[in-house]
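# Structural characterization, general
In case you want the letters, here they are:
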Amino acid sequence: MSDNPSVRGATPAAPEGPRAGDLLVRIGAIVFLIGAFATLATMTPLFLGSDPLPSVFYWVCMLMGAGFLIAAAGVLRSVAAQRRQAREASAPPREGSAQPREASAR
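Description of the structure in this document. Source: prediction; values computed, not measured. (Residues numbered from 1 in each chain as written. Predicted model: local features only at pLDDT ≥ 70, side-chain atom pairs only at ≥ 80, totals over all residues. Heavy atoms only, no water.)

## Some points on a nonpolar patch on the surface
A grouping of Phe-32, Leu-33, Phe-37, Leu-40, Phe-68 and Leu-69 is seen on the molecular surface, where their side chains present a nonpolar patch of about 670 Å² in accessible area. Elements with a minimum of two residues in the nonpolar patch: helix H1 (22-48) and helix H3 (63-90). The element contributing the most residues to the nonpolar patch is H1, with 4 residues. Among the structural elements, Leu-69 can be located in helix H3. The exposed category is assigned to Leu-69, whose relative accessible area is 59%. (Patch = residues over 30% accessible without salt bridge, like charges linked within 9 Å, V, L, I, M, F, W, Y side chains within 5 Å. Areas by Shrake-Rupley, 256 points an atom, 1.4 Å probe, with all protein chains shown as cover. Salt bridge = Lys/Arg side-chain N within 4 Å of Asp/Glu carboxyl O. Helix = DSSP H or I, 4+ residues; strand = E, 2+ residues; numbered from the N terminus. Buried < 20%, exposed > 50% of the residue type's maximum accessible area, 1.4 Å probe, protein only.)

## Topic: the side chain of Thr-42
Counting through the fold element by element, Thr-42 comes out in helix H1. Judged by its relative accessible area of 2%, Thr-42 falls in the buried class. In terms of polar contacts, Thr-42 uses its side chain to reach the backbone carbonyl oxygen of Ala-38, at 2.6 Å. (Polar contact = N/O pair within 3.5 Å; in protein donor to acceptor, adjacent residues only side chain to side chain.)

## With respect to H1
Between the first and last C-alpha of H1 there are 39 Å, a value that for 27 residues agrees with the 39 Å anticipated at 1.5 Å per step. Listed as buried for H1 are Gly-28, Val-31, Gly-35, Ala-38, Thr-42 and Pro-45. Where H1 is buried, its residues meet helix H2 (55-61) and H3. Just downstream of H1 lies Gly-49, where phi reads positive at about 80°. (Expected span 1.5 Å × (residues − 1). Contact = heavy atoms within 4.5 Å.)

## Some details on a positive patch on the surface
A cluster of like positive charges, contributed by Arg-77, Arg-83, Arg-84 and Arg-87, occupies part of the molecular surface. For Arg-87, a relative accessible area of 53% gives the class exposed. (Lys, Arg positive; Asp, Glu negative; His and termini not counted. Charge placed at Lys NZ, Arg CZ, Asp CG, Glu CD.)

## Some words on the packing of H1 against H3
Their axes nearest at 7 Å, the elements H1 and H3 cross at an angle of 165°. Overall, the two elements H1 and H3 adopt an arrangement that is roughly antiparallel. As H1 packs across H3, the resulting crossing turns out to be left-handed. Residues Leu-24, Val-25, Ile-27, Gly-28, Val-31, Phe-32, Ile-34, Gly-35, Ala-36 and Thr-39 of H1 form the contact with H3, whose own contacting residues are Leu-63, Met-64, Ala-66, Gly-67, Phe-68, Ile-70, Ala-71, Ala-73, Gly-74, Val-75 and Arg-77. Considered class by class, the residues forming the contact of H1 with H3 number 15 nonpolar, 5 polar and 1 charged. (Axes fitted to C-alpha atoms, helices over the stretch in contact; angles between N-to-C directions. Parallel < 35°, antiparallel > 145°, perpendicular 65-115°, else oblique. Left-handed = near helix turned anticlockwise from the far one by under 90°. Nonpolar A, V, L, I, M, F, W, Y, C, P; charged D, E, K, R; others polar.)

Remember, this is a structural readout, not a statement about activity or role.
This is the structure in structure tokens:
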């Protein structure tokens, strides 16, 4: 039996679903990795002294930057959603929003 208070009586955390921006971060990471592999493939012939790859590979290398920008946009979207959620949680309730509108119908 454990005397750890964090374990005793702790309620299990509800599983969190995907948050705003998570998909963009994942897509950005995949695009970045494709660009990174293309960069490695493009640079390898230069070090080995063989013929360089076609110019299409140089264009695919630019996916590294595009993936970074996509992931950064996902992070910024996630930050904006968390700030919005924190602002809504700390805002005082508006007057009349909790009151039923039956009194004005009379």
